[in-house]
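Analysis of the macromolecular model
Residue strings, one per chain:
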Amino acid sequence: MKHYFETTQAVLKEVNSTENGLTSQRAAELGIGKNKLAEGKKVSLLMRFFNQLTDPMIIILLAAALISGVTSFLGPEPEFPTDTIIILFVVLLNAILGVVQESKAEKALEALKEMTAATSKVLRDGTMVHVKSEDLVIGDVILLEAGDAVPADVRILESASMKVEEAALTGESNAITKTSDVLPQSGKDCPLGDRKNMAYMGSTVVYGRGKAVVTAIGMDTEMGKIASALSQAEDEQTPLQKKLSQLSKILTWLVLGICVFIFAFTILKDWGVIFAGSSINWMMMLDTFMIAVSLAVAAIPEGLATVVTIVLSIGVTKMSKRNAVIRKLTAVETLGCTQVICSDKTGTLTQNKMTVVDHYGDNEALLAEGMALCSDAEWTDHGSEGEPTECALVNYAASLNMKKPALKAASPRIGEAPFDSSRKMMSTVHRTSGGIVQYTKGAPDIILSHCTTVLKNGARVPMTEEILKEILGAQKEMSDRALRVLALAIKSHSAEPASYEPEDLEQDLTFVGLTGMIDPVRPEVKAAIEKCRSAGIRPVMITGDHIDTAIAIAKELNILTDASQAITGAQLDEVPESEFESIVERYSVYARVQPEHKVRIVKAWKAKGKVTAMTGDGVNDAPSIKSADIGIGMGITGTDVTKNVADMILADDNFSTIVTAVEEGRKIYDNIRKAIQFLLASNLSEVISIFTATILGFTILHPIHILWINLITDTFPALALGVEKSEPDIMNRNPRNSNEGIFAGGVGVDVVYQGLLVSVLTLASYFLGIVESHGDPEHGVTMAFLTMSMAEIFHSFNMRSQRKSIFALKSHNTMLFGAMLASLVLTTAVIYIPFLKNIFEFTTVSAAEYFTAMGLALLVIPVVEIVKFFQRKLGK
């Protein structure tokens, strides 16, 4: 339908709606949840399962199972294919676990998406309510203001200087001024970019406000027609995940090389036996092949990628419960590296509960009336609703028995020049019993620059230097007390203004007075700032407030110690880019800033090589949030635009939540590193053991033993390490380097010596088994299996801290204890339960041998503790 050629009343009639919107019942009848673009097809459960089987190492295992099964039946004495069944069972179980864990991770991320879902202001039953944008229906009447993303295709009903940026649809970067007027018909259709009484899904309101009725939703919108079907974004990998993928590829090729070497070495060593006479000893060839497969299975930490994904998804879910909603997984890692946090003052460092506590001016009643009328906050039965500063002004008027509904009835608004951050002013025009009156409120210095007269004793007198000095003195006195100061000016018109453009309205004003309001510091922020300091993080405060107010708040929070550490936006404009980069570290407070200044601040810190976080809420903050290493949007006051480009959203708009998120980010990265170190050391111990045994001419473990160890002994402790509580000193360290590799900080050395240690203990247990059984190799295998299984479990306790003694840790990891007990019971079961013992080809182990093997496994703890002791000494 060409709604742009129709009147607003005709459009409302066509969509069966009114200017007050739909009823909730009618909206429910139309069906909710349809206002979204089609997504790409999700991968089915069956396809996910098969995807788990495409890993090169899994394919090698399946090939080994097939060859083992064929030879079991085709040999001179056909036997039950035990190895084949166990390998297939383990592969199947691994695939199922992979699918389950993948689904859990996806559900966690879907839950986070749900938390950050866009909402719209909708009139339902004549009342404004917040509704999820996907639940809009045709006929809904929505309210739009600067910073809102247009949630559907809409016909404008009212526009107060509303401008919409439609670059996503038209490619035109200039914002279009919208109107409710009918477009003239010229016999031709009107291009989308010229439809000034329409707004479309995918566009953004950048100025003013308006009211519109929904005419198309979902795939029927202009955006839907262009998109046709919007494929889901590819799963993003964090830098760590990418490094692990590269590591896995390197390991795969390295292991395949070692396997080929072992296979060739064994063939050459036993050439005479394998190729004796005219026939080939296929069983011996198979044994040689299975040794090579054992090595392959031992060397690849199959659960590594899965463990990392699960730990990340668990971590971001926990963070969301603490009001830090992560939108991009990369943010989790970057948070741990954060060196500078640039934070807005209002609402983030302070409570955003403004209260007028002082005023200046001859006529307080006029001052309060004008401030309340020149605001978009409203008075309801529950108090004021709207932007906090404006709510304070409406409450101020109400405290003087001037409630806004009565003021509006006596002086209805007929026009306005909405507030914007570059002008730092707002003007409204009202029809009163005494004629047309304009109120303009804003920053005192800006308002005063537009005033030529002052209201004194009920009369307008010229603005003199003496009067100006008196006003500025009153302003400074309030600002020195950390009050936020706003000024009000008035202007009378003989008739309704011909133009509501700011440059036409805001000239030759009459100064009325000042209001001073306070926004108290959040009580928990001071401790969070101290925590930042001890963690090596520099807090920086950015505000649009007066510099005196900013300095007072910053001193209270210990963000700065001297006024010279503060700079205004105007002063910053005078500093060349190259010079600012060299002096950016001097400043901890930026006052009276514009959104473009925030971009400069971010770039300057990044040029210093610092990982920088930046908060923002307004539509103009999007560029600075996007350019920061960590862009932080506000969940309460933030616009859709800033939320969409943010890496993280603060559900409570609280600075202390950022610090909590940094701590959580550090903990998650630490735990992932612990899991990686544990898995790589465990797999290295298996490789060294099998490689040594093969070179010396004996078998220490069979493929099914290795699979059991990797599945039971490794994966679950690694997951348990992923939920380890943070170490006590985690926020007393400097941020880690964002470029540091997986093996940085001594991890590589630890992996090698710990893998070697477990191998030595396993080999010792094997030889003790041989001695105790008078030369039975299978008894040695049983002892080696028992020692390696439990040594790796005990070693997981060492990994609770890379350098600290585990006996000095005050917290407990219940999940790790559970993994140890489960592994102990299962490992004991496969050795002593006859049915399982036969499958694994184990021999009977006496109680003395059992505890000997356990004792050898337990040695991994004191040995690592001794090494840690010397590492701590060297570190000091």
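Residues numbered from 1 in each chain as written. Predicted model: local features only at pLDDT ≥ 70, side-chain atom pairs only at ≥ 80, totals over all residues. Heavy atoms only, no water.

**Describing the overall build of the protein**
What the protein contains, in helices and strands, is 33 helices and 25 strands. Burial analysis of the protein (876 residues in total) assigns 54% to the buried set. In the protein, 73% of the contacts between residues at least 6 apart in sequence involve partners at least 24 apart. Accessible area for the protein stands at about 38,100 Å²; split by element, carbon and sulfur atoms hold 59% of it. (Helix = DSSP H or I, 4+ residues; strand = E, 2+ residues; numbered from the N terminus. Buried < 20%, exposed > 50% of the residue type's maximum accessible area, 1.4 Å probe, protein only. Contact = heavy atoms within 4.5 Å. Areas by Shrake-Rupley, 256 points an atom, 1.4 Å probe, with all protein chains shown as cover.)

**Re the confidence of the model for the protein**
The predicted model of the protein has a mean per-residue pLDDT of 85, with 89% of residues at 70 or higher. Taken as a whole, residues 229-235 scores under 50 in pLDDT and shows ten contacts with residues more than four places along the chain or in a different chain. (pLDDT = per-residue confidence, 0-100.)

**Considering the packing of helix 27 (residues 703-722) against helix 29 (residues 777-798)**
In contact at an axis separation of 9 Å, helix 27 and helix 29 are set at 10 degrees when each is read in the N-to-C sense. One element, helix 27, and the other, helix 29, form an angle in the roughly parallel class. In this structure, helix 27 uses His705, Trp708, Ile709, Thr713, Asp714, Pro717 and Leu721 to contact helix 29, whose residues at the interface are Val781, Phe785, Met788, Ser789, Glu792, Ile793 and Ser796. (Axes fitted to C-alpha atoms, helices over the stretch in contact; angles between N-to-C directions. Parallel < 35°, antiparallel > 145°, perpendicular 65-115°, else oblique.)

**Comments concerning the packing of aromatic side chains**
Under the definition given, this model contains 16 aromatic pairs. Between Tyr832 and Tyr850, the ring centres sit 5.9 Å apart and the planes meet at 55 degrees, which makes this aromatic pair tilted. One end of the pair, Tyr832, is in helix 30 (residues 814-832); the other, Tyr850, is in helix 32 (residues 847-858), and 18 residues separate them in sequence. By relative accessible area, which is 35% here, Tyr832 ends up partly exposed. (Phe/Tyr/Trp six-rings, centres within 6.5 Å; stacked < 30°, edge-to-face > 60°.)

**Focus: the packing of helix 29 against helix 30**
Contact geometry of helix 29 with helix 30 gives a least axis separation of 10 Å together with a crossing angle of 175 degrees. The angle between helix 29 and helix 30 falls in the class roughly antiparallel. Facing Thr782, Phe785, Leu786, Ser789, Met790, Ile793, Phe794, Ser796 and Phe797 of helix 29, the residues of helix 30 in contact are Leu816, Phe817, Ala819, Met820, Ser823, Leu824, Thr827, Val830 and Ile831.

**Brief notes about the pattern of salt bridges**
Here the structure, examined in full by the defined rule, presents 36 salt bridges. Between Glu663 and Lys531 there is a salt bridge, and its shortest N-O distance comes to 3.2 Å. Here the residue Glu663 occupies a position in helix 26 (residues 655-696), and Lys531 occupies one in helix 19 (residues 525-534), the gap between them amounting to 132 residues. Using a relative accessible area of 35% as the deciding quantity, one classes Lys531 as partly exposed. Glu664 serves as the salt-bridge partner of Lys667, at 3.0 Å between the closest nitrogen and oxygen. With Lys667 and Glu664 both in helix 26 and three residues apart, this pair spans about one turn of that helix. Where salt bridges share partners, they join Asp670, Lys674, Glu727, Asp729, Arg733 and Lys804 into one cluster. (Salt bridge = Lys/Arg side-chain N within 4 Å of Asp/Glu carboxyl O.)

**Re the nonpolar core**
Ranked by internal contacts, the top residues of the largest apolar core, which has 121 residues, are Phe655, Ile700 and Phe794. A per-element tally of this core places helix 26 first, with 15 residues. Once residues within four sequence positions are removed from consideration, Ile700 is found in contact with Ser689, Ile690, Ala693, Thr762, Leu763, Tyr766, Val781 and Ala784. In terms of nonpolar packing, the next biggest core, distinct from the first, is built from 24 residues, Met371, Cys374, Met426 and Leu486 among them. (Core = buried A, V, L, I, M, F, W, Y, C linked by side-chain atoms within 4.5 Å.)

**Things to note about a nonpolar patch on the surface**
Taken together, the side chains of Phe261, Phe691, Ile695, Leu696 and Phe767 present a nonpolar region at the surface, about 460 Å² in accessible area. Within the secondary structure, Phe767 is located in helix 28 (residues 747-772). (Patch = residues over 30% accessible without salt bridge, like charges linked within 9 Å, V, L, I, M, F, W, Y side chains within 5 Å.)

**Focus: the environment of Ala118**
Mapped onto the elements of the fold, Ala118 is located in the loop between helix 5 (82-115) and strand 1 (119-124). Given a relative accessible area of 37%, Ala118 falls into the partly exposed group. In contact with Ala118, not counting residues within four places along its chain, are Val131, Lys132 and Ser133.

**Topic: the sheet that holds strand 24 (residues 630-634)**
One open sheet accounts for eight strands, arranged 8-25-24-23-9-20-22-21; its pairing is mixed. Only two strands of the sheet have a single neighbouring strand rather than two, namely strand 8 (324-326) and strand 21 (566-568). Each strand axis lies, on average, 20 degrees off the axis of its neighbour in the sheet, ignoring direction. When strand 9 (residues 340-344) meets strand 23 (residues 612-616), the two strands line up parallel, connected through three bridges. Pairing of Val340 across the sheet is with Thr612, part of strand 23. (Pairing = 2+ DSSP bridges.)

**Some words on helix 20 (residues 547-556)**
Summarising burial for helix 20: seven of the ten residues are buried, a large majority. Among all positions of helix 20, only Ile547, Asp548, Thr549, Ala550, Ile551, Ile553 and Ala554 are buried. Its buried side turned inward, helix 20 meets helix 17 (465-480), strand 20 (538-542), strand 21 and strand 22 (589-591). Positive backbone phi, at 65 degrees, marks Asn558, one or two positions downstream of helix 20.

**So, the environment of Asp480**
Mapping Asp480 onto the fold places it in helix 17. Sequence separation of Asp480 and Ile551 is 71 residues, and the distance between their C-alpha atoms is 8.7 Å. Those residues in contact with Asp480 that lie beyond four places of it in its chain are Asp548 and Ala552.

**Points about unusual backbone geometry**
Of note, the phi angle at Ser161 is positive, near 55 degrees, even though the residue is not glycine. Among the structural elements, Ser161 can be located in strand 4 (residues 153-165). According to the relative accessible area criterion, Ser161 is partly exposed, its value standing at 23%. Although it is not a glycine, Asp508 adopts a positive phi angle of roughly 55 degrees. With respect to the element layout, Asp508 can be found in the loop between helix 18 (502-505) and strand 19 (509-518).

**Some details on the pairing of strand 3 (residues 141-145)**
As defined by bridge partners, strand 1 adjoins strand 3 across three bridges and the pair is classed as antiparallel. Paired with Leu123 across the strands is Val141, a residue of strand 3.

**Here we look at helix 26**
For an α-helix, 3.6 residues make a turn, and residues three or four places apart therefore share a direction. Helix length check: helix 26, at 42 residues, gives a terminal C-alpha distance of 62 Å against a target of 62 Å (1.5 Å per residue), a fit within 8%. For helix 26, the tally of buried residues reaches 35 of 42 residues, placing the bulk of the element in the interior. The N-cap of helix 26, judged by a side-chain oxygen 3.0 Å from the amide nitrogen of Ser656 a few residues on, is Asn654. One or two steps after helix 26, the chain reaches Gly697, where phi turns positive at roughly 90 degrees. (Expected span 1.5 Å × (residues − 1). Polar contact = N/O pair within 3.5 Å; in protein donor to acceptor, adjacent residues only side chain to side chain.)

**Describing the pairing of strand 7 (residues 204-216)**
Of all 13 residues in strand 7, eleven are buried; the element is thus mostly enclosed. Pairing between strand 3 and strand 7: five bridges, direction antiparallel. Paired with Leu143 across the bridge in strand 7 is Lys211.

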